[in-house]
Amino acid sequence: MKPIIIIILIFSYCSLPNREKKAISYLKVTAPSGLILRQGPGTNFPKIKTLPKTTVSPIYEFLGETIDIKGYKGKWILTEFENEFGYVFSGHVVIALDKEFLISQTFNQAPMTQFLVSDSGKLPIIKMLKTKNAAFIDGSEKTLFKKFYENDHSVIETISLGEEYYPKTFIKTIKGSNIIEFPDVSNFHPIRMYESGKIIEGEKYICYGCCATTIPIIALFGNNKSFTFYGSAKDLDALCYPEGGDVEYNRIRYSETKNELYIHTKIGNCNEKLLNFCYESKQTDSCKPKQFHSETFKVITNPFDEPMIEIYSNTGIPEKHSDEFKKGRKLIQFKVK
């Protein structure tokens, strides 16, 4: 009798999908030093290569449960880079449905900026705040800490280099750990909270000791990652001022049925002819632009967990989102005790 040879094929994580597998979305690397592409979904798997910062690559699959790696939360993603399949950690990426959008200038001009994480205490954050605002301080400022909000899981504090009109930011400390999250912007002055503490609205100062208008900014806390983006939680109509300090049109809505956040902004064309007309007709406090020279519509799907982003530039409100935007509700303010 001839021996029967049984061949057992063991498919490891190195046996990755064929090229016919379709991408479900795309990622853009945000880690400053790049992101490691591994042979399997875990830090114990060998490194294939490093994806440089701003690399855009396809997402074929999310694997496993949410994990924590050095303070960053995320899942493992199956992707492809330079004709090689592998796995990267989603804690250091921005995710969107459209590849071209992540590559385009639209995203760079209206970004979602991921929070930074410190496991070395508050000193690195204070140093960064001083460095990014070096032009407005002389080194003699006293660092002030003040609790802004606290719940069962975390404490939010403000860090200021002086009183009200000095550089300020905030930090979120995870209870029971040495992990601190903080926004990656030059300054962030928190004002109020929304959606049970999941959103902070604040202001970014262009300068200190000057009369420049502040920029409205929002921090969004997700379970897996947190972001900042420019915009206001309040409805604002576009206004032009002869002395400067124009106000952008702003609407933000939340759809509970779709679990999507919509942000619609428009920048008015505050040309000299319009400003002169408003000045001569004494309408300087209600000078509304007749036209808009830029418009942005952001869609953030699953905003309080693993946000996925779409940004539309100068296209109005896309038809597929129009009804939900109209039916969506305003953000609910959360009273900080």
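In case you missed it, the structure is sitting above this.
Since the structure is predicted, the reported quantities are computational estimates derived from the model, not experimental observations. (Residues numbered from 1 in each chain as written. Predicted model: local features only at pLDDT ≥ 70, side-chain atom pairs only at ≥ 80, totals over all residues. Heavy atoms only, no water.)

### Some details on the sheet that holds strand E14 (residues 189-194)
Whenever strands of a sheet pair, they do so through backbone hydrogen bonds, lying parallel or antiparallel. Taking strand neighbours across the sheet as the criterion, the six strands line up as E8-E17-E16-E15-E14-E22 in an open arrangement whose pairing is antiparallel. Two strands close off the open sheet at either side, each with one partner strand: strand E8 (113-114) and strand E22 (333-334). Bridging between E8 and strand E17 (residues 226-230) involves two bridges; their strand directions are antiparallel. Across the sheet, residue glutamine 114 finds its bridge partner in E17, namely phenylalanine 227. (Pairing = 2+ DSSP bridges. Helix = DSSP H or I, 4+ residues; strand = E, 2+ residues; numbered from the N terminus.)

### As for the packing of aromatic side chains
A full pass over the atoms with the stated rule returns 14 aromatic pairs. Look at phenylalanine 115 and phenylalanine 221: their rings are 5.7 Å apart centre to centre, the planes differ by 70 degrees, and that puts the pair in the edge-to-face class. Of the two residues, phenylalanine 115 sits in the loop between E8 and strand E9 (116-118) while phenylalanine 221 sits in strand E16 (residues 215-221), which places them 106 residues apart along the sequence. The exposure class of phenylalanine 221 is buried, given its relative accessible area of 6%. (Phe/Tyr/Trp six-rings, centres within 6.5 Å; stacked < 30°, edge-to-face > 60°. Buried < 20%, exposed > 50% of the residue type's maximum accessible area, 1.4 Å probe, protein only.)

### Observations regarding the sheet that holds strand E10 (residues 144-150)
Taken in spatial order, the five strands line up as E9-E13-E12-E11-E10 in an open sheet, and their pairing is antiparallel. Every other strand in the sheet has two partners, leaving E9 and E10 as the edge strands with one partner each. Between one strand axis and the next, the sheet turns through 30 degrees on average, direction left out of account. In terms of strand pairing, E9 meets strand E13 (residues 180-182) through three bridges, oriented antiparallel. Within E13, the position partnered with serine 118 by the bridge is isoleucine 180. Each of E9, E10, strand E11 (154-160), strand E12 (168-174) and E13 is contacted by helix H3 (residues 123-132), which is oriented at about 160 degrees to E12, the strand it contacts most. (Axes fitted to C-alpha atoms, helices over the stretch in contact; angles between N-to-C directions. Contact = heavy atoms within 4.5 Å.)

### Things to note about the pattern of salt bridges
For the structure on display, the rule yields 16 salt bridges. Between glutamate 306 and lysine 225 there is a salt bridge, and its shortest N-O distance comes to 2.8 Å. Of this pair, glutamate 306 sits in the loop between strand E20 (292-301) and strand E21 (308-313) while lysine 225 sits in the loop between E16 and E17, and the two are 81 residues apart along the sequence. Using a relative accessible area of 14% as the deciding quantity, one classes glutamate 306 as buried. The class for lysine 225 is buried, based on a relative accessible area of 4%. Of the charged contacts in the structure, one is a salt bridge between glutamate 310 and lysine 320, with a shortest N-O distance of 3.6 Å. Here glutamate 310 is found in strand E21, whereas its partner lysine 320 is found in helix H5 (residues 319-327), with 10 residues between them in sequence. Accessibility expressed as a relative area gives 9% for glutamate 310, which makes it buried. For lysine 320, a relative accessible area of 59% translates into the label exposed. Beyond isolated ion pairs, a larger network of salt bridges with shared partners links Asp235, Asp237, Arg251, Arg253 and Lys330. (Salt bridge = Lys/Arg side-chain N within 4 Å of Asp/Glu carboxyl O.)

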